[in-house]
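# Structural characterization, general
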Amino acid sequence: QVTLVESGGGLVQAGGSQTLSCVASGNILSIRAMAWYRQAPGKQRELVAKITTAGITNFADSVKGRFTISRDNAKHTTKLQMNSLKPEDTAVYFCHADHAVVNEDQSQYDLWGQGTQVTVSP
């Protein structure tokens, strides 16, 4: 079973920067798209950023120009670089993989990490 583990969350002041990391483990051959979602108190979970195997990215309108996403296909990792942080960015951030191939020809879908808290103070 593939597992995703996030790290890098914490407290940061508005205007600051923070980087989140996600590592996927479990005899993985490949992962299609990797993404970051977030969920703030009282709000539904939303897509923040997504990146394909080829490196094609897309971002939520609220973070465009401030956040970047990257990945290392060989290491099965993804990072979310967050700049110019705002209090509205406060949320639990989750790593996601849509399709992982494991054990040569087996597939696992819709994989989630446990989440990491990001708190931006005014």
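Just above sits the structure.
The notes below deal with the structure included here. Being a predicted model, the structure only gives us computed values, none of them experimental.

Our focus in this paragraph is the nonpolar core. In terms of nonpolar packing, the biggest core is built from 30 residues, with W36, L80 and Y93 touching the most fellow members. Elements that contribute at least two residues to this core include exactly β3 (18-25), β4 (28-31), β5 (34-39), β6 (46-51), β8 (67-72), β9 (77-82), β10 (91-102) and β12 (116-121). Of all the elements, β10 adds the most residues to this core, at six residues. Setting aside residues no more than four positions away along its own chain, Y93 makes contact with E6, L20, W36, Y37, R38, V48, F67, L80, M82, G115, T116 and V118.

Here the focus is the environment of D72. Following the sequence through the fold, D72 ends up in strand β8. Of the residues examined, D72 reaches a relative accessible area of 29% and is grouped as partly exposed. When the C-alpha atoms of D72 and A24 are compared, they prove to be 11 Å apart, with 48 residues separating the residues in sequence.

The four strands lie next to each other as β1-β3-β9-β8, forming an open sheet whose pairing is antiparallel. Looking at strand neighbours, the two that pair on one side only are β1 (3-7) and β8, the edges of this open sheet. Averaged over all pairs of adjacent strands, the angle between strand axes in this sheet comes to 15 degrees, irrespective of strand direction. Where β8 lies against β9, six bridges are found, and the strand directions are antiparallel.

Below, the discussion takes up the environment of G8. Along the chain, the position of G8 falls in the loop between β1 and β2 (10-13). With relative accessibility at 38%, the residue G8 sits in the partly exposed group. The spacing of G8 and P41 is 33 residues in sequence and 20 Å in space, taken between C-alpha atoms. Excluding residues within four positions of it along the chain, G8 makes contact with Q18, T19 and L20.

Here the focus is the environment of F94. Position of F94 relative to the elements: it lies in strand β10. The class of F94 is buried, set by a relative accessible area of 10%. For the pair F94 and Q117, spaced 23 residues apart in sequence, the C-alpha to C-alpha distance is 9.0 Å. Here F94 is in contact with E6, A35, W36, Y37, Q39, R45, W112, G113, Q114 and G115, once residues within four sequence places are set aside.

Each value, and the rule that gives it
- Residues numbered from 1 in each chain as written.
- Predicted model: local features only at pLDDT ≥ 70, side-chain atom pairs only at ≥ 80, totals over all residues.
- Heavy atoms only, no water.
- Core = buried A, V, L, I, M, F, W, Y, C linked by side-chain atoms within 4.5 Å.
- Buried < 20%, exposed > 50% of the residue type's maximum accessible area, 1.4 Å probe, protein only.
- Helix = DSSP H or I, 4+ residues; strand = E, 2+ residues; numbered from the N terminus.
- Contact = heavy atoms within 4.5 Å.
- Pairing = 2+ DSSP bridges.
- Axes fitted to C-alpha atoms, helices over the stretch in contact; angles between N-to-C directions.

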